[in-house]
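Survey of secondary and tertiary structure
So the chains spell out like this:
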Amino acid sequence: MSKRKYTFTYKKMRNALLQWYHANKRDLPWRNTRDPYAIWVSEVMLQQTTVKTVTPRWHQFLVRWPNIDALAAASLDEVRGEWLGLGYYTRAKNLHAAAVKLQQEYGGRLPTSRDELIKLPGFGPYSSAAVASIAFGEAVAVVDANVERVIGRLMALETDCRSSDGRVAISQFADNLLDRDFPGDFNQAMMELGALICTSKNPDCPECPLRECCNANQAGTPESFPVRAAKEPMQPQVEAAVVIRNGDKVLLLLRPEGASFGGMWELPRVIVKDGESAATAARRAGSELASIKVSKLAELYQIKHTVMRRRIELNVFEAGKWTGEPKLHDHREYRWLTPEEWRALPRSKTQNQIAVWLEETLFN
């Protein structure tokens, strides 16, 4: 942990940061509302998704479901469908589950404190503090990746910021620095500073309102902080999926809720085993997942994408000949659907890409 002596007072830093924020903050739509529900939806959408992507989708979501009661009355499939393209679909499931719980147990209103919010589905330490401070003015500090980076540099923290000791140090610093008179603005100012000035690469230190207080800047090595343990390397994974046609429809399976991409519709898909060809795996996908025996295959399409720490190559085949009647194994439901019908149901970004390709190429 850093042994440097800080060259600031908390009051000086608060004043400098808030002054900078009010002069330089981005004009984001969720900053122009006091509706706790709208602020909550924005915070959920902004986790792992860019402002540019979220802005139009936030408006669209609120038009469709303008309040908690409306969202609670929607089906989970409807909410998942609206979430398409935002990624991390568990957020949509938790958002809907929280709305149902709020409607049933809280009269359709969000609790006003972090300690109560964190009891709801999908609310973690960050989101509960963000909603409590921004929507309700509770004096609780927010720590997200941006704030973690800003504080790690202010302190020139030499401990891994994501270790238990590092998290405690950053959390304590954030709590001490918090402006308790304007906690919502202050938390947003810290996040904004990390997003616009104190970026992970090439931080704009000359424009930073806290430059004179920053130990990493004074040391001349801001990019050396915060210290983080090296990430695990990306793991390659090869998958195979099979298009089983019945006229103008294809066989689709609904993933179980507890699985990754739970509640999403997809083609039969498996991970290719060591020593197994993608074509063999595609046949296995038909038999193991839907009791369909595939006797002839044609390779159609390949997609490369990443999920968490996995670099995935997905090979899509068409079953030229097949026999059997679909029977479910691990999946919840099956349907025969056109690609257009498939695109109206919850599906991952990658599966949506396949549906579009099928509609434009194979079924055109």
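Residues numbered from 1 in each chain as written. Predicted model: local features only at pLDDT ≥ 70, side-chain atom pairs only at ≥ 80, totals over all residues. Heavy atoms only, no water.

**So, the overall build of the protein**
How we decide: By the criteria applied, helices consist of DSSP H or I runs no shorter than four residues and strands consist of E runs no shorter than two, each listed in order from the N terminus. Note on classification: 1.4 Å probe, protein chains only; a residue is buried when its accessible area is under 20% of the maximum for its type, exposed when over 50%, partly exposed between these limits. Surface exposure here means Shrake-Rupley accessible area, sampled with a 1.4 Å probe, where a residue is shielded only by the protein chains that are shown.
Looking only at helices and strands, the protein features 15 helices and eight strands. By the burial criterion, 49% of the 364 residues in the protein qualify as buried. Only carbon and sulfur atoms are counted for the fraction: they give 48% of the accessible area of the protein, which is about 17800 Å².

**With respect to the pairing of strand β3 (residues 249–254)**
As a reminder of what qualifies: Pairs of strands are assigned from DSSP output, requiring at least two bridges between the strands.
For β3, the tally of buried residues reaches five of six residues, placing the bulk of the element in the interior. Looking at chain direction, strand β2 (residues 245–246) and β3 are connected through two bridges and run antiparallel. Of the residues in β3, the one forming a bridge with Asn246 is Lys249. Hairpin connection, β2 to β3: the antiparallel pair is bridged by two residues, and Gly247 has positive phi, about 70°.

**Comments concerning empty space enclosed by the protein**
Using a probe with the size of a water molecule, rolled over the atoms, empty space left in the structure can be pinpointed. Formally: With a 1 Å grid laid over protein atoms only, a set of points is called a cavity when a 1.4 Å probe fits there but cannot get out and a pocket when it is open yet has protein on both sides within 12 Å along at least five of seven lines; lining residues have an atom within 4 Å of a point. Grid points are joined across faces, edges and corners, and a volume is the space filled by probe spheres set on the points. Only Asp, Glu, Lys and Arg are considered charged, only Ala, Val, Leu, Ile, Met, Phe, Trp, Tyr, Cys and Pro nonpolar, and every remaining residue, Gly among them, polar.
Applying the stated criterion to the full structure yields two cavities of 30 Å³ or more. Taken together, 15 residues form the lining of the largest cavity, with Arg153, Cys198, Cys205, Cys208 and Cys214 sitting closest to its centre. At three residues, the largest contribution of residues to the lining of the largest cavity is made by helix α9 (residues 145–155). Of the residues in the lining of the largest cavity, the class split is eleven nonpolar, one polar and three charged. In this structure, the second largest cavity encloses a volume near 40 Å³. Around the second largest cavity, the lining residues are Ala141, Val142, Val147, Ala174, Leu178, Phe186, Asn187 and Met190. With three residues, helix α11 (residues 183–196) is the single largest residue contributor to the lining of the second largest cavity. Its residues assigned to classes, the lining of the second largest cavity comprises seven nonpolar, one polar and no charged.

**Here we look at the sheet that holds strand β1 (residues 235–243)**
Selection rule: Note on geometry: axes are lines fitted to C-alpha atoms, helical ones only across the stretch in contact, with angles between N-to-C directions running from 0 to 180 degrees.
As summarised here, the arrangement of the four strands in space is β5-β1-β7-β6, forming an open sheet in which the pairing is mixed. Bordering the open sheet on either side are β5 (269–271) and β6 (293–307), each of which pairs with just one other strand. Neighbour to neighbour, the strand axes of the sheet diverge by 25° on average, direction disregarded. As paired elements, β1 and β5 share three bridges and run antiparallel to each other.

**Let's talk about the layout of surface pockets**
Roughly 1400 Å³ of internal volume is contained in the largest pocket. Around the largest pocket, the lining is made up of 43 residues, and of these Tyr126, Asp144, Ala145, Asn146 and Met191 lie nearest the centre. Looking at the lining of the largest pocket, the elements with two or more residues in it are α2 (36–46), α8 (125–136), α9, α10 (164–177) and α11. Across the lining of the largest pocket, the residue classes tally to 20 nonpolar, eleven polar and twelve charged. Quantified by volume, the second largest pocket comes out at close to 730 Å³. In terms of lining residues, the second largest pocket is bounded by 28 residues, among which Gly87, Tyr88, Tyr89, Phe261 and Val307 are the most central. Elements that contribute at least two residues to the lining of the second largest pocket include exactly α6 (90–105), β6 and α15 (349–362). If one sorts the elements of the lining of the second largest pocket by residue count, β6 sits on top with five residues.

**Here we look at the environment of Ile354**
What counts, and what does not: By definition, residues are in contact when any of their heavy atoms lie within 4.5 Å.
Among the secondary structure elements, Ile354 is positioned in helix α15. Measuring from C-alpha to C-alpha, the distance between Ile354 and Ala219 comes to 51 Å, with 135 residues separating the pair along the chain. Setting aside residues up to four positions removed in sequence, Ile354 forms contacts with Leu267, Tyr301, Ile303, Leu314, Val316 and Trp342.

**As for the side chain of Ser348**
Threshold: Polar contact criterion, stated in full: a pair of N or O atoms within 3.5 Å, where within protein one must be able to donate a hydrogen and the other to accept it, and residues adjacent in sequence count only if both atoms are side-chain atoms.
Considering the arrangement of structural elements, one finds Ser348 in the loop between α14 (339–342) and α15. In this structure the side chain of Ser348 is engaged in a polar contact, spanning 3.1 Å, whose partner is the backbone nitrogen of Gln351. The residues touching Ser348, leaving out its near neighbours within four places in the chain, are Leu84, Tyr89, Phe261 and Met264.

**Some remarks on the pattern of salt bridges**
Defined as follows: Here, a salt bridge means any side-chain nitrogen of Lys or Arg that lies within 4 Å of a carboxyl oxygen of Asp or Glu.
Inspection of the entire model under this criterion finds 22 salt bridges. Among the ionic pairs, Glu266 bridges to Arg269, the shortest N-O distance being 2.8 Å. The buried category is assigned to Glu266, whose relative accessible area is 3%. By relative accessible area, which is 18% here, Arg269 ends up buried. A salt bridge links Glu333 to Arg335; its shortest N-O distance comes to 2.9 Å. Here Glu333 falls in the partly exposed class, since its relative accessible area comes to 30%. Note on Arg335: relative accessible area 31%, which makes it partly exposed. Sharing partners across several salt bridges, the network here consists of Arg80, Lys93, Glu257 and Arg332.

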